[in-house]
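Secondary and tertiary structure notes
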Amino acid sequence: MSKPIRTALFGGTFNPLHNGHLAIVRSVLEQGLADEVWMLITPCNPWKKDQDLPDDRLRYDMVARAVKDMEHVSASDYEFNLPKPSYTANTLRHISADYPEREFILTIGADNWVKFSNWRESDYILSNYRIIVYPRKGYQIDSVPENVLILDCPLVDISSTQIRQMIKNGEPIDELVPEHNRV
């Protein structure tokens with residue numbers, strides 16, 4: 001029996017995708033923590049139900065353009081066909097059943113890790129999947145369970161919220177977003 005393909009799932013609304021997201025993906029692959037990364041575009045995050053999002057397909061296309069030249073990285077619209085809001089446990093159950101040749105590894109930010117116990121079925125996720133947590137400014141993590149790894153990567157202090165505000169204010173964002181996604 002062959003070893004499963006280690007697939008890191010990096011989910012988000014990517015509203016918009018920025019260079020910090022891509023730095024995390026590169027760190028995961030460069031450190032050999034996964035064989036590939038699927039950037040899972042989330043149509044409806046349960047924590048952000050009231051957020052006014054651009055069209056799902058538009059966000060998917062922005063991510064796909066940004067990663068098209070990155071080896072072992074792809075955009076995924078897998079959650080587009082699942083019930084909304086997109087609960088991670090539900091996504092992991094479905095995607096694991098559909099791709100049994102893969103070992104899925106959840107990739108989340110420290111901001112999500114500190115509230116992970118509030119996620120729907122967090123115990124199920126912790127019991128069945130490895131998790132990579134990437135650092136975020138203002139979120140200190142002291143200890144984690146054995147199957148959770150804190151990603152050793154530079155802290156990239158960029159947020160989609162910050163970029164949306166800059167766009168609203170007419171400020172330049174060229175240094176913060178991939179070249180293909182500049183407005």
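So, here's what we can say about the structure. (Residues numbered from 1 in each chain as written. Predicted model: local features only at pLDDT ≥ 70, side-chain atom pairs only at ≥ 80, totals over all residues. Heavy atoms only, no water.)

1. A closer look at helix H3 (residues 88-98)
For an α-helix, 3.6 residues make a turn, and residues three or four places apart therefore share a direction. Test applied: A simple rule labels every residue: compare its accessible area, found with a 1.4 Å probe on the protein chains alone, to the largest value its type can have, and call it buried under 20%, exposed over 50%, or partly exposed in between. Numbering goes from the N terminus for both helices and strands, where a helix is a DSSP run of H or I of at least four residues and a strand is a run of E of at least two. Here, the arc refers to the directions that run from the helix axis to the C-beta atoms. In this description, contact between two residues means that some pair of their heavy atoms is separated by no more than 4.5 Å.
Listed in full, the buried residues belonging to H3 are Ala 89, Thr 91, Leu 92 and Ile 95. The buried residues of H3 occupy an angular sector of 160° when projected down its axis, which confines them to one face. On its buried face, H3 is in contact with strand E1 (5-12), strand E2 (36-41), strand E4 (102-109) and helix H5 (122-128).

2. What about the packing of aromatic side chains?
What counts is decided by this rule: Side-chain rings of Phe, Tyr and Trp (the six-membered ring for Trp) are treated as a pair once their centres are within 6.5 Å; stacked means planes under 30 degrees apart, edge-to-face means over 60, and tilted covers the remaining angles. Charge-over-ring placement is defined geometrically: NZ (Lys) or CZ (Arg) within 6 Å of the ring centre, and within 35 degrees of the ring normal.
For the structure on display, the rule yields nine aromatic pairs. Consider the rings of Trp 113 and Phe 116, whose centres lie 5.1 Å apart with planes at 25°: the pair is stacked. Judged by its relative accessible area of 13%, Trp 113 falls in the buried class. What links up through ring pairs into an aromatic cluster is the set Trp 38, Tyr 78, Tyr 99 and Phe 104. Positioned above the aromatic ring of Tyr 60 is the side chain of Arg 57, whose terminal nitrogen or guanidinium carbon lies 4.9 Å from the ring centre.

3. Examining the side chain of Thr 107
Structurally, Thr 107 can be placed in strand E4. The exposure class of Thr 107 is buried, given its relative accessible area of 4%.

4. Re the nonpolar core
Most often, soluble globular proteins keep nonpolar side chains buried together rather than apart. Cut-off, in case you're wondering: Here the nonpolar core consists of buried residues drawn from Ala, Val, Leu, Ile, Met, Phe, Trp, Tyr and Cys, with membership extended through side-chain atoms lying within 4.5 Å.
Phe 10, Val 25, Val 28, Val 37, Met 39 and Leu 151 are the most contacted members of the largest nonpolar core, which totals 27 residues. Contributions of two or more residues to this core are made by E1, helix H1 (19-30), E2, helix H2 (56-67), strand E3 (73-76) and strand E5 (130-134). When residues of this core are assigned to their parent elements, the largest contribution, five residues, is made by H1. The contacts of Phe 10, once residues within four sequence positions are left out, are His 21, Ile 24, Val 25, Val 37, Trp 38, Met 39, Leu 40, Thr 107 and Tyr 134.

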